[in-house]
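This is what each chain is made of:
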Protein chains: 2
Amino acid sequence: MQAGKPVLYSYFRSSCSWRVRIALALKGIDFEMVPVNLIKDGGQQLAIIEYLEETRPTPRLLPQDPKKRASVRMISDLIASGIQPLQNLSILKKVGEETKLTWAQNAITSGFNALEQILQSTAGKYCVGDEVTMADLCLVPQVANAERFKVDFTPYPTISCINKRLLALEAFQLSHPCRQPDTPTELRA
Amino acid sequence: MQAGKPVLYSYFRSSCSWRVRIALALKGIDFEMVPVNLIKDGGQQLAIIEYLEETRPTPRLLPQDPKKRASVRMISDLIASGIQPLQNLSILKKVGEETKLTWAQNAITSGFNALEQILQSTAGKYCVGDEVTMADLCLVPQVANAERFKVDFTPYPTISCINKRLLALEAFQLSHPCRQPDTPTELRA
């Protein structure tokens, strides 16, 4: 990563890869994408985002105020540790075909119940205040997963509203799973 | 948290609470503990640790070098997002009595296989170099969980060795689940 373009090993549909693609787009970092047809667990891509933040501080993805930073990280971790790992494909495979939809919906709704409440006290235009932060990079890919699993969004007006605002931004559109080099033709938009 | 002692809502056995207790002990922060008999998911306590690091920088729990910081966060996230959420009690309850031990062992060993390999390139005395970092705060509670689930440690010599060194330190002993105000008598040591 010292010399030349950074390389992102990415899978079009992975919410973890998508988070990083949004960060790269927001920071205007030119990168090479190597598609890997593999679903990886967990939120390890948050380490990449924190690294990008420390080495390319503009625009900020973490607010300056320590309490607001803690809110951003709490929301990010709620999604990256509390929701995503419980509904990723490798886990759903283990859970089995008959119960996997209910399992995923339960994991997402119990996380979103907490998230909706947190956002009511932290959100402005976006998850924490009026600037795009790491929390927003986590929110949009998770909402997309929720939609794939047909979660009912009626109880989550704040989540839905912030998600819509974010999807209007260019960085979230460019990085969208429907527009990646490894997106199958039938899923392109 | 502005005035008076910080309050930690803690459950003696929770690996997430234990991570924070180690951070508080290392930083010498006096705090009030409120035991809650509740098992919470996920790694949301990493937001607390990052907040402590930013507001009480000494001793450091993240190295100064951005690449080393990224290693620390990668290891922390591997544990807090990639392992712990898949083997916490609320998930094991859903998995069911007959398969829960195998499920937990699989979640831990597939994470530890990756971790053992990463540590071989990052570790010194501890997970990343020779200073205690946030990665170590995540390692020790996860190893304790692995022991409870009777994981075979033969393939993990690096993990075992670092874990032993860390358990010799006072901050890890004071914060240990066997020595908390809500530890049941039969589990005290």
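These numbers were taken from a predicted model, which means no experiment stands behind them.

On to the overall build of chain A. When helices and strands are counted, chain A shows eight helices and two strands. Order of helices (α) and strands (β) in chain A, N terminus to C terminus: β-α-β-α-α-α-α-α-α-α. Considering only C-alpha atoms, chain A reaches an extent of 50 × 40 × 25 Å along its principal axes. In chain A, which comprises 189 residues, the proportion classed as buried is 53%. In the structure as shown, chain A presents an accessible area of about 8,600 Å², 54% of it carried by carbon and sulfur atoms. Taken as two groups, the 22 positive and 19 negative side-chain charges of chain A have centres that lie 1 Å from each other.

All chains considered together, the criterion is met by 14 salt bridges over all chains. The shortest N-O distance in the salt bridge between Glu53 of chain A and Lys27 of chain A comes to 2.9 Å. Taken together, the positions of Glu53 of chain A in helix 2 (residues 45-55) and Lys27 of chain A in the loop between helix 1 (15-26) and strand 2 (32-35) put the pair 26 residues apart, joining distant regions of the chain. A relative accessible area of 9% places Glu53 of chain A in the buried class. A salt bridge links Arg73 of chain A to Glu54 of chain B, with the nearest nitrogen and oxygen atoms 3.0 Å apart. Placement of the pair is Arg73 of chain A in helix 3 (residues 66-80) and Glu54 of chain B in helix 2 (residues 45-55), with the two residues belonging to separate chains. The exposure class assigned to Glu54 of chain B is partly exposed, which follows from its relative accessible area of 28%. A cluster of three or more residues bridged by salt bridges with shared partners is formed by Glu50, Glu54, Arg69 and Arg73 of chain A together with Glu50, Glu54, Arg69 and Arg73 of chain B.

This brings us to the side chain of Thr133 of chain A. Residue and element names in this part refer to chain A. One can find Thr133 in the loop between helix 5 (100-122) and helix 6 (134-148). Since its relative accessible area comes to 2%, Thr133 is described here as buried. When residues no more than four places from it in sequence are discounted, the contact partners of Thr133 are Leu61, Pro63, Val72 and Val128.

The subject of this paragraph is the pairing of strand 1 (residues 7-10) of chain B. Residues and elements named next belong to chain B. Burial along strand 1 is one-sided: the face carrying Leu8 and Ser10 is buried and the face carrying Val7 and Tyr9 is not. In this sheet, strand 2 (residues 32-35) lies alongside strand 1 in parallel orientation, the contact comprising four bridges. Residue pairing in the sheet places Leu8 in a bridge with Met33 of strand 2. Between strand 1 and its parallel partner strand 2, the chain crosses via helix 1 (residues 15-26), and the hand of that crossover is right-handed.

A contiguous nonpolar patch, built from Val7, Tyr9 and Val36 of chain B and spanning about 260 Å² of accessible area, is present on the exposed surface. With respect to the helices and strands, the residue Tyr9 of chain B is situated in strand 1.

On the side of chain A, 29 residues touch chain B, which itself brings 29 residues to the contact. Together, the buried faces of chain B and chain A total about 2,500 Å²; carbon and sulfur atoms form 62% of this surface. Linking chain B with chain A are six salt bridges, by the criterion used here. Counting across the interface, chain B meets chain A through eleven residue pairs in polar contact (both at pLDDT 80 or more). Elements that contribute at least two residues to the side of chain B that touches chain A include exactly helix 2, helix 3 (66-82), helix 4 (89-95) and helix 5 (100-122) of chain B. Here the side of chain B that touches chain A takes eleven residues from helix 3 of chain B, the largest share from any one element.

This brings us to helix 1 of chain A. Residues and elements named next belong to chain A. End to end, helix 1 covers 17 Å across twelve residues, agreeing with the expected 16 Å (1.5 Å per residue, within 8%). Burial within helix 1 is extensive, with ten of its twelve residues counted as buried. All of the buried residues along helix 1 are Ser15, Cys16, Ser17, Trp18, Arg19, Val20, Arg21, Ile22, Ala23 and Leu24. For helix 1, the side-chain oxygen to backbone nitrogen distance between the N-cap and Cys16 is 3.2 Å, and the N-cap itself is Ser14.

So, on to the nonpolar core. Counting 102 residues, the largest nonpolar core has Phe112 of chain A together with Phe112 of chain B as the members making the most contacts within it. Beyond its immediate sequence surroundings of up to four residues, Phe112 of chain B is in contact with Ile83, Gln142, Val143, Ala146, Phe153, Tyr156 and Ile159 of chain B.

With the rule as written, the count across this model stands at nine aromatic pairs over all chains. With a centroid separation of 6.0 Å and 50 degrees between ring planes, the pair formed by Trp103 of chain A and Trp103 of chain B is classed as tilted. Here Trp103 of chain A is found in helix 5, whereas its partner Trp103 of chain B is found in helix 5 on a different chain. Both residues of the pair, Trp103 of chain A and Trp103 of chain B, count as buried. Through successive ring pairs, a cluster of aromatic residues spans Phe112, Phe153 and Tyr156 of chain A.

This part is about the packing of helix 5 of chain B against helix 6 (residues 134-148) of chain B. All names here are of chain B. Where helix 5 contacts helix 6, the axes come no closer than 11 Å and their chain directions differ by 140 degrees. Judged by the inter-axis angle, helix 5 sits oblique to helix 6. The interaxial crossing formed by helix 5 with helix 6 has left-handed handedness. Only Leu139, Gln142, Val143, Asn145 and Ala146 of helix 6 make contact with helix 5, whose side of the interface consists of Ile108, Phe112 and Leu115.

What counts, and where the lines are drawn
- Sequence positions are assigned chain by chain, starting from 1 and proceeding in written order.
- Written order decides the labels, with chains lettered from A and ligands numbered from 1.
- Given that this is a predicted model, residues contribute local features only at a pLDDT of at least 70 and side-chain atom pairs are listed and counted only at 80 or more, while totals for whole chains, interfaces and linings are drawn from all residues.
- Hydrogens are left out, water is left out, and the side-chain values use all remaining heavy atoms of the structure.
- The way it works is that DSSP assigns letters per residue, a run of H or I at least four long becomes a helix, a run of E at least two long becomes a strand, and they are numbered from the N terminus.
- Each residue's exposure class comes from its accessible area (1.4 Å probe, protein chains only) as a fraction of the maximum for that residue type: buried when under 20%, exposed when over 50%, partly exposed otherwise.
- Using a 1.4 Å probe, the Shrake-Rupley method yields the accessible areas, and only the shown protein chains count as cover for residues.
- Under the convention used here, Asp and Glu are negative, Lys and Arg are positive, and both His and the chain ends fall outside the count.
- To locate a charge, take atom NZ for lysine, CZ for arginine, CG for aspartate or CD for glutamate.
- When a carboxyl oxygen of Asp or Glu is within 4 Å of a side-chain nitrogen of Lys or Arg, the pair counts as a salt bridge.
- Here, residues are in contact when the closest pair of their heavy atoms is within 4.5 Å.
- Between any two strands, pairing holds if DSSP finds at least two bridges.
- For the handedness criterion, the strands are oriented away from the viewer, and a crossover whose path from the first strand over the helix to the second runs clockwise is classed as right-handed.
- Nonpolar side chains (Val, Leu, Ile, Met, Phe, Trp, Tyr) within 5 Å and like charges within 9 Å form the patches, drawn only from residues with over 30% relative accessible area and no salt bridge.
- Put simply, buried area is how much 1.4 Å-probe accessible surface two parts lose in total, over both of them, once they are put together.
- We define a polar contact as two N or O atoms separated by no more than 3.5 Å, with the added condition that, inside protein, one atom must be a possible hydrogen donor and the other a possible acceptor, whereas residues neighbouring each other in sequence contribute only through side-chain atom pairs.
- Take the number of residues in a helix, subtract one, and multiply by 1.5 Å to get its expected span.
- What makes a nonpolar core is a set of buried Ala, Val, Leu, Ile, Met, Phe, Trp, Tyr and Cys residues whose side-chain atoms join them at distances within 4.5 Å.
- Aromatic pairs are defined between Phe, Tyr and Trp rings, using the six-membered ring for Trp, whenever the two ring centres lie within 6.5 Å; interplanar angles under 30 degrees are classed as stacked, those over 60 as edge-to-face, and all others as tilted.
- To define axes, lines are fitted to C-alpha atoms, for helices over the stretch in contact only, and angles between the resulting N-to-C directions are given on a 0 to 180 degree scale.
- Each angle is binned into one of four classes, with values under 35 degrees roughly parallel, values over 145 roughly antiparallel, values of 65 to 115 roughly perpendicular, and all other values oblique.
- A clockwise turn of the near helix away from the far one marks a right-handed crossing, whereas an anticlockwise turn of less than a right angle marks a left-handed crossing.

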